[in-house]
Amino acid sequence: MKGYVVIDNEILDREAFAEFAAKVPDAMAAYGGRFVVRGGNPEAVEGDWAPDRLVIMEFDSRSAANAFAASAEFAALAELRGRALKSRLLVAEGYDPAG
């Protein structure tokens, strides 16, 4: 079953963000991740959730998504990520219609 990393970002520094965004694909590569949504101009149609920028990454499994989120590659970007944005990140399991 697929695994997903969902990130709600508020960009704080556009220059640092551009540098960070350019490095994320390489950090994802070792875990087989791909972007499903990257920015996407999110629009809240119900409730009070109003992300500035939404990112959804898909992995072959939840364990691969967790491995990426806990990886040395992603951790190496922590200082840059902290300067670039304020974010909330979660890992979720995909839907299995078979049960």
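Note: the structure precedes this text.
These numbers come from a predicted model, not from an experiment.

The rules behind the values
- Residues numbered from 1 in each chain as written.
- Predicted model: local features only at pLDDT ≥ 70, side-chain atom pairs only at ≥ 80, totals over all residues.
- Heavy atoms only, no water.
- Buried < 20%, exposed > 50% of the residue type's maximum accessible area, 1.4 Å probe, protein only.
- Helix = DSSP H or I, 4+ residues; strand = E, 2+ residues; numbered from the N terminus.
- Arc of directions from axis to C-beta.
- Contact = heavy atoms within 4.5 Å.
- Lys, Arg positive; Asp, Glu negative; His and termini not counted.
- Salt bridge = Lys/Arg side-chain N within 4 Å of Asp/Glu carboxyl O.
- Pairing = 2+ DSSP bridges.
- Axes fitted to C-alpha atoms, helices over the stretch in contact; angles between N-to-C directions.
- Core = buried A, V, L, I, M, F, W, Y, C linked by side-chain atoms within 4.5 Å.

Enquirer: Looking at this model, I keep getting lost on helix H2 (residues 62-69). Mind explaining?
Expert: Note: α-helices contain 3.6 residues per turn, so residues at a spacing of three or four share the same orientation. Three or more residues of H2 are buried, namely Ala-64, Ala-65 and Phe-68. End-on, the buried residues of H2 take up no more than an arc of 100°, which puts them together on one face. Buried residues in H2 make contact with strand E1 (3-11), helix H1 (14-29), strand E3 (53-59), helix H3 (72-75) and strand E4 (85-93).

Enquirer: Please explain the side chain of Arg-81 as it appears in this structure.
Expert: In this structure, Arg-81 sits in helix H4 (residues 78-84). One buried charged residue, Arg-81, forms no salt bridge at all, with the nearest opposite charge on Glu-79 at 10 Å. In this view, Arg-81 contacts Phe-20, Phe-74 and Ser-87; residues no more than four positions away in its chain are not counted.

Enquirer: Mind showing me how you'd approach the sheet that holds strand E2 (residues 34-39) here?
Expert: Two strands in a sheet stick together by hydrogen bonds in their backbones, pointing the same way (parallel) or opposite ways (antiparallel). Taken in spatial order, the four strands of this open sheet run E2-E3-E1-E4, and their pairing is antiparallel. Edge positions in the open sheet fall to E2 and E4, since each of these has one partner strand only. Each strand axis lies, on average, 15° off the axis of its neighbour in the sheet, ignoring direction. Sitting on the sheet, H1 is in contact with E1, E2, E3 and E4, with an inclination near 165° to E2. Taken strand by strand, H2 contacts E1, E3 and E4, and its axis lies near 155° from that of E4.

Enquirer: Explain the nonpolar core to me, please; I cannot follow it from the model alone.
Expert: A general tendency of soluble globular proteins is for nonpolar side chains to be buried together. Core analysis: the largest hydrophobic core is formed by 22 residues, its most contacted members being Val-5, Phe-17, Phe-20, Met-57, Phe-59 and Phe-68. Breaking this core down by element, the ones donating at least two residues are E1, H1, E3, H2, H4 and E4. Top contributing element to this core by residue count: H1, with seven residues. Leave out the neighbours within four places in its chain, and Met-57 touches Gly-3, Tyr-4, Val-5, Ile-7, Val-24, Met-28, Arg-34, Phe-35, Val-36 and Phe-68.

Enquirer: Even after reading the chapter, I still don't get the pattern of salt bridges, so can you show me in this structure?
Expert: Working definition: two side chains of opposite charge can pair if their charged atoms are close together. Within the structure shown, the criterion is met by six salt bridges. With a shortest N-O distance of 2.8 Å, Glu-79 and Arg-83 are connected by a salt bridge. Within this pair, Glu-79 and its partner Arg-83 are both found in helix H4, separated by four residues, close to a single helical turn.

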